[in-house]
Structure formats: structure tokens, C-alpha cells
Amino acid sequence: EGERVGKLAMPRELGERCAEFLGAHPDCCVRFHYGPTCGRGRTNKWVHAHWYETGTFSGTSRGISPDNSPLNVQGQTRFWVDDDLKIKEIVITRTFSQWEESLIRGMLVGKEE
């Protein structure tokens, strides 16, 4: 079995992080390079989408002041669904916004102390 990369997140945590992100980028707009698409084959239960976000880092969130830099984020999201089309697993691969980079730097500095 391979090493698991990433983190198991609870729905509440995902919701909170999205709210924080939108606080920092109140004009965020999500668009799709490729919209949600089902996997190939009858037994493939993965749905994937390739997307990008535009906007501006214009709001304060988690104590980080905005610098009005453009939001230029993109990524891919994959959902594994059950027979009732309920999401059972989600995998997100993405780039980070200026706000997220500042947040991560702050967390790393806090660990060093």
C-alpha cells in the first residue's frame, strides 16, 4: 500500500475554509476548463472537473490584510460517489492564492517557535 498524501478533512472544516477563502476573495468567480465529467466505464464512480478562480485578494480573513493582488488559482477536483450519487471521497489538487500562501507561512512560523 502506498503512502497516503494529503489530509482527511471533515465537511465542517471544508466549509469553514471555504468561508475564510471567500472572506479574503469576496469577488471570487469559479469557471471550468472542463466541467464535471463522469469517469469512463460502467463501474467507474469518479467524477472530475478542471477549474480556475479569478478575483482579487481584497478582504481581511484570519487576520491577514489584503494586498489587492489578483486571484489566479486553478485545480482539479475528483469525487468518488456511491450508487446513490452521494460523495464518499474527494481529492483536490490545486494552486494557492496569495492569501493562502500567507496563511501557510504564518502556520509554519508558529511551528518553529
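Predicted, not measured: the structure shown is a model, and the values here were computed from it.

Colleague: Go over the packing of aromatic side chains with me, naming the residues and quoting the values.
Modeller: For the structure shown, the criterion picks out 1 aromatic pair. A ring pair is formed by Phe21 and Trp99, whose centres lie 6.3 Å apart and whose planes are at 75 degrees; its orientation type is edge-to-face. A residue pair is termed long-range when its members are at least 10 positions apart, and Phe21 in helix H1 (residues 11-24) and Trp99 in helix H2 (residues 98-112) qualify at 78 residues. Each member of the pair, Phe21 as well as Trp99, is classed as buried. The cationic tip of Arg78 hangs over the ring face of Trp46; the distance from NZ or CZ to the ring centre is 5.8 Å.

Colleague: Tell me what's going on with the nonpolar core, and back it up with residues and numbers.
Modeller: In terms of nonpolar packing, the biggest core is built from 9 residues, these being Phe21, Ala24, Trp51, Phe57, Ile64, Leu71, Val73, Trp99 and Leu103. Mapped onto this core, the elements with two or more residues apiece are H1, strand S3 (70-81) and H2. Among residues more than four places away in sequence, those in contact with Leu71 are Phe21, His25, Cys28, Glu53, Thr54, Gly55, Thr56 and Ser97.

About the thresholds
Sequence order as written defines residue numbering, which begins from 1 separately in each chain. Totals for whole chains, interfaces and linings use all residues, but because this is a predicted model, local features are given only for residues with pLDDT of at least 70 and pairs of side-chain atoms are given and counted only at 80 or more. Side-chain measures here rest on the full set of heavy atoms in the structure, leaving out hydrogens and waters. Between rings of Phe, Tyr and Trp, where Trp is taken as its six-membered ring, a pair exists when centres lie within 6.5 Å; planes separated by under 30 degrees are stacked, by over 60 edge-to-face, and by other angles tilted. Where helices and strands are cited, they refer to DSSP runs of H or I of at least four residues and of E of at least two residues respectively, numbered from the N terminus. Burial classes follow relative accessibility: with a 1.4 Å probe on protein chains only, a residue under 20% of its type's maximum area counts as buried, one over 50% as exposed, and anything between as partly exposed. To sit over a ring, a charge needs its Lys NZ or Arg CZ within 6 Å of the ring centre and within 35 degrees of the ring normal. The criterion is simple. A nonpolar core is a set of buried Ala, Val, Leu, Ile, Met, Phe, Trp, Tyr and Cys residues joined through side-chain atoms within 4.5 Å. Contacts were defined at the residue level, with two residues in contact if any of their heavy atoms lie within 4.5 Å.

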